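Below, each chain spelled out in residue letters.
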Amino acid sequence: MIFACTISMLQAKVVLPELFADNMVLQQETEAALWGKAEPGAKVTIVGSWSKSKVTVTADADGKWFARIATPKAGGPYELTFNDGEKLTLRNVLVGEVWICSGQSNMEMQMTGYNGQPVDGATDMIMTAKPSVPIRSCNVKRVLALEPAEDCEATWYEHTPEGVSEASATAYMFARKLQEVLDIPVGIINVSWGGSRIEAWMSEELLRKEFAGEINLKHIDEKKMPEKNPFKTACTLYNGMMHPVAPYTAKGFVWYQGCSNRHNPEQYMRLQPAFVKMLREEWGSEDMGFYFTQIAPYGYPDDKTGCAGAEIMWAQARTLSLIPKSAMAATLDTGERDCIHPSDKKTVGDRLAYMVLSKDYGYDQVNVFPPVFKSFEVKDGKAMVRFDVDPRGLGPINMELAGFELAGSDGVYYPATGRVDSKDKRVIVVSCPEVSSPVAVRYAMKNWSEATVFSNFGIPASPFKAELK
């Protein structure tokens, strides 16, 4: 009889997804989503120590419940209590800004780096990490699934040497700059898998609706996980990792992915906007920003074309006009010819933070966005290339800029030089002696290129290619 009573009490206790745990961060000044399980029909009362208000919700016939709780301005630490007759309390909870960070290996790469591939500055940042700094990171465990999972394995870390060493380097650098400027708690949830393709992060429903016959879903139909590279296969990471995180209330998304889709840039141009639309629908908010990182230049020794990486960089830049409330961190000056995982994660993290600070938090005194090709015309045998950039224009001025190529009607490209126009600093004048009547121009359209064109605030221009219409 005593044994039966004990079992009943265990069943009655509220069960939370692992995302809700000690040390977590809740999005400030919002109706934060909470969910879990209890006995069917049980009433669950939720109280945050920042308020005397209570939220009560009833578990459905399957024991599932969903609630939202009003959060205050950034602060903490707080306690969050769930009570269905037996209390469950989460401690050391902060309220601040939460960001979902996802992608492939350059997002997954922890502060400790990969073997032989370090992260610049990581030793000092790890060794000097103090819990008093209100940055918290959550890692979602890598899991594959053929059907959408209800829960995921996740661990929240404080800002300690252990916590910082476990954090995604890109996401941590982003959070570090954000916290430094805003001076409030910041939480990052890392949902990444190295080598993954974007379609692995997308739902079956979306792919069947908008990419029918284009993306292979045979494994879903046969309910059999592929033996080769399942993490690159459609839906597997959405089902196992992304879906269980939704709709954890967050300010927006930070995305670093694209290398594994580099051989089909035109398709990627359609996949990424569809992916963002899916995310916003899953989280139930059109207001969530999407900030992504251009893949870093790299030699790609297996690429016979010599330009697949640059093609995806140009495709990424073109999605900016297709995705509302999006921005791109340029990387042309941060890559390494012989390493696909650049050690400089701080520049990328800082640029992501600068864009977020500008678009979401009102720090718009500086134009932190990369110059992107807008149009070109031919004048006196030269290509007048106009960039989408603020009126301060491009640089460096008064010198020849390498990395450009021109082609005539024969389609053969020749190395060309550019120079910032003396009258309009948003225009680069490109010329070469071999091409007197250019019909096409391109810049940095090779897997490995060095940046030569920058905005007035030091942000490199994106690779591009264009032909006269």
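Residue numbers run consecutively from 1 along every chain, following the written order of its sequence. Reporting of local features is limited, given that this is a predicted model, to residues whose pLDDT is at least 70; pairs of side-chain atoms are given and counted only at 80 or more, and all residues count toward the totals for whole chains, interfaces and linings. With hydrogens and water excluded, all non-hydrogen atoms of the structure serve as input to the side-chain values.

**Student:** Honestly, the pattern of salt bridges in this entry has me stumped. Any pointers?
**Tutor:** Side-chain pairing between opposite charges can occur once the charged atoms of the two side chains come close. Any Lys or Arg side-chain nitrogen found within 4 Å of a carboxyl oxygen on Asp or Glu counts as a salt bridge. Overall, the coordinates contain 24 salt bridges when judged by the stated rule. With its nearest N and O atoms 3.7 Å apart, the salt bridge here joins lysine 141 to glutamate 153. Taken together, the residues lysine 141 in the loop between strand 8 (135-140) and strand 9 (154-157) and glutamate 153 in the loop between strand 8 and strand 9 connect sequence positions 12 residues apart. For arginine 351, the salt bridge goes to aspartate 333, with nearest N and O atoms at 2.8 Å. Taken together, the positions of arginine 351 in helix 11 (residues 345-360) and aspartate 333 in the loop between strand 13 (326-329) and helix 11 put the pair 18 residues apart, joining distant regions of the chain. Three labels apply to residues, based on accessible area from a 1.4 Å probe with only protein chains included: buried if under 20% of the type maximum, exposed if over 50%, partly exposed otherwise in between. Assessed through its relative accessible area of 9%, arginine 351 is described here as buried. A single salt-bridge network, built from bridges that share partners, covers Lys37, Lys64 and Glu150. In this text, helices come from DSSP runs of H or I with a minimum length of four residues, and strands from runs of E with a minimum of two, each type numbered from the N-terminal end.

**Student:** Whenever I open this one, the packing of aromatic side chains confuses me. Can you help?
**Tutor:** The relation between two aromatic rings is expressed through the spacing of the ring centres and the mutual angle of the planes. Pairing of aromatic rings covers Phe, Tyr and Trp, the last through its six-membered ring, and needs centres within 6.5 Å; plane angles under 30 degrees mean stacked, over 60 mean edge-to-face, and all others mean tilted. Applying the stated rule across the entire model yields 21 aromatic pairs. Arranged with centres 6.3 Å apart and planes meeting at 15°, the rings of tryptophan 35 and phenylalanine 66 form a pair that is stacked. Placement of the pair is tryptophan 35 in strand 2 (residues 31-37) and phenylalanine 66 in strand 5 (residues 64-70), with a sequence separation of 31 residues. Look at tryptophan 35 and you get buried, because its relative accessible area is 11%. Summarising the aromatic geometry, the rings of tryptophan 314 and phenylalanine 464 are spaced 6.3 Å apart at their centres and angled 65° between planes, so their arrangement reads as edge-to-face. Within this pair, whereas tryptophan 314 is found in helix 10 (residues 308-318), its partner phenylalanine 464 is found in strand 22 (residues 464-467), the two being separated by 150 residues in sequence. Here tryptophan 314 and phenylalanine 464 have matching classes, each one buried.

**Student:** Help me understand the environment of cysteine 152 in this model?
**Tutor:** Position of cysteine 152 relative to the elements: it lies in the loop between strand 8 and strand 9. On the accessibility criterion, cysteine 152 (5% relative accessible area) is buried.

**Student:** Please clarify how the sheet that holds strand 15 (residues 382-388) should be interpreted in this entry.
**Tutor:** Strand pairing within a sheet occurs via backbone hydrogen bonds; the two strands may be parallel or antiparallel. Two strands form a pair only when DSSP identifies at least two bridges running between them. Strand order in the open sheet formed by seven strands is 14-15-19-18-17-20-22, with antiparallel pairing between adjacent strands. For this open sheet the edge positions go to strand 14 (372-379) and strand 22, each flanked by a neighbour on one side alone. Sheet twist, expressed as the average angle between the axes of neighbouring strands with direction ignored, equals 30°. The sheet contact formed by strand 18 (residues 413-420) and strand 19 (residues 427-431) spans four bridges and is antiparallel. From the neighbouring strand, valine 420 faces strand 19, where its bridge partner is isoleucine 428. To get an axis, fit a line to the C-alpha atoms, keeping to the stretch in contact for a helix; angles then go from 0 to 180 degrees between the N-to-C directions.

**Student:** For this particular structure, what's the right way to read helix 9 (residues 265-283)?
**Tutor:** Since the α-helix packs 3.6 residues into each turn, any two residues three or four apart lie on the same face. The end-to-end C-alpha distance of helix 9 is 27 Å, a good match for the 27 Å that 19 residues give at a rise of 1.5 Å each. Of all 19 residues in helix 9, 14 are buried; the element is thus mostly enclosed. Just past helix 9, the residue glycine 284 takes up positive phi, approximately 70°. The span expected for a helix works out to 1.5 Å for each residue beyond the first.

**Student:** Help me understand the layout of surface pockets in this model?
**Tutor:** Space left empty within the atom packing is revealed by a probe, the size of a water molecule, rolled over the atoms. Approximately 370 Å³ is the volume found for the largest pocket. Ala317, Leu320, Pro370, Val372 and Asp388 are the residues nearest the centre of the largest pocket, which is lined by 18 residues in total. Elements with a minimum of two residues in the lining of the largest pocket: helix 10, strand 13 and strand 14. Tallied by class, the residues present in the lining of the largest pocket amount to 10 nonpolar, three polar and five charged. Only protein atoms enter the 1 Å grid used here, on which a cavity is any set of points holding a 1.4 Å probe that cannot leave and a pocket is any open set flanked by protein within 12 Å on both sides along at least five of seven lines; residues with an atom within 4 Å of a point are listed as lining. Grid points are joined across faces, edges and corners, and a volume is the space filled by probe spheres set on the points. Gly is placed with the polar residues, together with every amino acid not listed as nonpolar (Ala, Val, Leu, Ile, Met, Phe, Trp, Tyr, Cys and Pro) or charged (Asp, Glu, Lys and Arg).

**Student:** Would you mind showing me how to read the environment of lysine 141 here?
**Tutor:** Here lysine 141 falls in the partly exposed class, since its relative accessible area comes to 46%. Once the C-alpha coordinates of lysine 141 and serine 192 are considered, the two residues, 51 residues apart in sequence, prove to be 8.7 Å apart. It only takes one pair of heavy atoms within 4.5 Å for two residues to be counted as in contact. Setting aside its immediate chain neighbours within four residues, lysine 141 contacts Glu153 and Met241.

**Student:** Sorry if this is basic, but what is going on with unusual backbone geometry here?
**Tutor:** Among all residues except glycine, the phi angle is most often negative; among peptide bonds, the trans geometry is most common. The peptide bond linking alanine 246 to proline 247 adopts the cis configuration, its omega dihedral lying at 0°. In this fold, proline 247 is placed in the loop between helix 8 (236-242) and strand 11 (252-256). Going from glycine 395 to proline 396, the amide bond is cis rather than trans, its omega being 0°. For asparagine 229, which is not glycine, the phi torsion reads 50° and is therefore positive. With respect to the helices, strands and loops of the structure, asparagine 229 is situated in the loop between helix 7 (218-222) and helix 8. Backbone geometry at asparagine 398 places phi at a positive 60°, although glycine is not the residue there.

**Student:** Honestly, the side chain of threonine 170 in this entry has me stumped. Any pointers?
**Tutor:** Within the secondary structure, threonine 170 sits in helix 5 (residues 169-182). For threonine 170, a relative accessible area of 0% translates into the label buried. Once residues within four sequence positions are removed from consideration, threonine 170 is found in contact with Asn106, Met107, Tyr256, Lys345, Val348, Gly349 and Leu352.

**Student:** Explain helix 11 to me, please; I cannot follow it from the model alone.
**Tutor:** Its 16 residues place the ends of helix 11 22 Å apart at the C-alpha level, agreeing with the 22 Å of an ideal helix rising 1.5 Å per residue. Burial within helix 11 is extensive, with 12 of its 16 residues counted as buried. When we look at burial in helix 11, the residues that qualify are Lys345, Val348, Gly349, Asp350, Arg351, Leu352, Ala353, Met355, Val356, Leu357, Ser358 and Asp360. The secondary structure elements touched by the buried residues of helix 11 are strand 7 (87-103), helix 2 (105-108), helix 5, strand 11, strand 12 (289-293) and strand 13.

**Student:** Just checking my understanding: could you explain the pairing of strand 22 for this structure?
**Tutor:** Two faces make up the sheet, and in a regular strand the side chains alternate between them. Of the two faces of strand 22, the one lined by Phe464 and Ala466 is fully buried and the one lined by Lys465 and Glu467 carries no buried residue. Where strand 20 (residues 440-443) meets strand 22, four bridges bridge the pair, whose relative direction is antiparallel. Its bridge partner being in strand 22, tyrosine 443 is matched across the sheet by phenylalanine 464.

**Student:** How should I be thinking about the packing of helix 9 against helix 10 in this particular structure?
**Tutor:** To characterise two packed helices, one gives the angle between the axes of the helices and the distance between these axes. For the pair helix 9 and helix 10, interaxial distance at closest approach is 9 Å and the crossing angle is 30°. Classified by the angle between their axes, helix 9 and helix 10 sit roughly parallel to one another. Here helix 9 runs over helix 10; the crossing is right-handed. Note on element contacts: helix 10 touches helix 9 through Glu311, Ile312, Ala315, Gln316 and Arg318, opposite Pro265, Glu266, Tyr268 and Met269. Grouping the constituent residues of the contact of helix 9 with helix 10 by class yields five nonpolar, one polar and three charged. Working definition: roughly parallel below 35 degrees, roughly antiparallel above 145 degrees, roughly perpendicular at 65 to 115 degrees, and oblique for all remaining angles. In this scheme, a crossing is called left-handed if the near helix is turned counterclockwise away from the far one by less than a right angle; it is called right-handed if the turn is clockwise.

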